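Below are the chains, spelled out letter by letter.
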Amino acid sequence: MKSNADSFYSLVYQITSQVPAGRVTTYGRIAALAGSPRASRAVGYALSALKEENLQQIPWQRVINAQGRISGKGDLLRADLQKKLLEKEGIVFDENDVVNLALYLWP
DNA sequence: ATCGTGACGAACG
DNA sequence: CCGTTCGCCACGA
């Protein structure tokens, strides 16, 4: 059986909320957990729809791409904020602003 | 139902 | 490192 009131968006938010501090996950990973391993684009689309209210309750900053890098397309301010928030949680970036997913990837 | 769009992913050069 | 190309999926008009 499938979820009823939970759209793909809600599912993405639910999963994102489960990511603990000090860890990160990728769009593709969330898509897989949501039941669609190839819906990575849809995941990013869902997070882009987040409003200020949601930003307070959802750790969107812990979601990065499979290359361990921040996307924040069209909004570099948001990308800079994301990096700061992650570093604050203990995440370390290398000289190229890339995170070692082998160390922080969740689940 | 069809089309355009997008915080993606992997493969190539 | 960068840019390009193709494929995948969900959503709104």
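In this text, all values refer to a predicted model and were calculated from it rather than measured experimentally.

Analysis parameters
Within each chain, residue numbers correspond to sequence positions counted from 1 in written order. Lettering for chains starts from A, numbering for ligands starts from 1, and both go in the order in which the items are written. Side-chain atom pairs in this predicted model are given and counted only at pLDDT of 80 or more, local residue features only at pLDDT of at least 70, and totals for whole chains, interfaces and linings cover all residues. Working from all heavy atoms in the structure, the side-chain values ignore hydrogens and water. Strands here are runs of E lasting at least two residues and helices are runs of H or I lasting at least four, both read from the DSSP assignment and numbered beginning at the N terminus. The classification of residues rests on relative accessible area computed with a 1.4 Å probe and restricted to protein chains. Under 20% of the type maximum is buried, over 50% is exposed, and intermediate values are partly exposed. Contacts: residue pairs with any heavy atoms within 4.5 Å of one another. For this purpose, a residue is taken to be near a molecule or strand whenever a single non-hydrogen atom of the residue falls within 4 Å of it. In the analysis that follows, any N or O atom pair within 3.5 Å is treated as a polar contact, provided that within protein one partner can donate a hydrogen and the other can accept it, and provided that, for residues neighboring in sequence, both atoms belong to side chains.

1. As for the side chain of Thr-16
Here Thr-16 is to be found in helix H1 (residues 8–17). Look at Thr-16 and you get buried, because its relative accessible area is 0%. Apart from residues lying up to four places away in sequence, Thr-16 is in contact with Ile-30, Leu-47, Ile-58, Pro-59, Trp-60 and Val-63.

2. Remarks on the protein's contact with DNA strand C
Near DNA strand C the following residues occur: Phe-8, Tyr-9, Ser-36, Arg-38, Ala-39, Arg-41, Ala-42 and Asn-96. The protein-proximal atoms of DNA strand C, defined as those within 4 Å of the protein, are 67% sugar or phosphate. One of the side-chain N or O atoms of Arg-41 is found 2.6 Å from a base oxygen in DNA strand C. Between DNA strand C and Asn-96, the relevant distance is 2.9 Å, taken from a phosphate oxygen to a side-chain nitrogen or oxygen of the residue. Of all the secondary structure elements, the ones that give two or more residues to the surface near DNA strand C are H1 and helix H3 (40–48).

3. Side note on the protein's contact with DNA strand B
Inspection of the region around DNA strand B gives 17 residues, with Arg-41, Ser-48, Asn-65, Ala-66 and Lys-73 positioned closest. When atoms of DNA strand B within 4 Å of the protein are split into backbone and base, the sugar-phosphate part holds 47%. A distance of 2.9 Å separates a base nitrogen of DNA strand B from a polar side-chain atom of Arg-41. Contact distances for DNA strand B include 2.7 Å between a phosphate oxygen and a backbone N or O atom of Ala-66. Broken down by element, the surface near DNA strand B gets its largest block of residues, seven residues, from H3.

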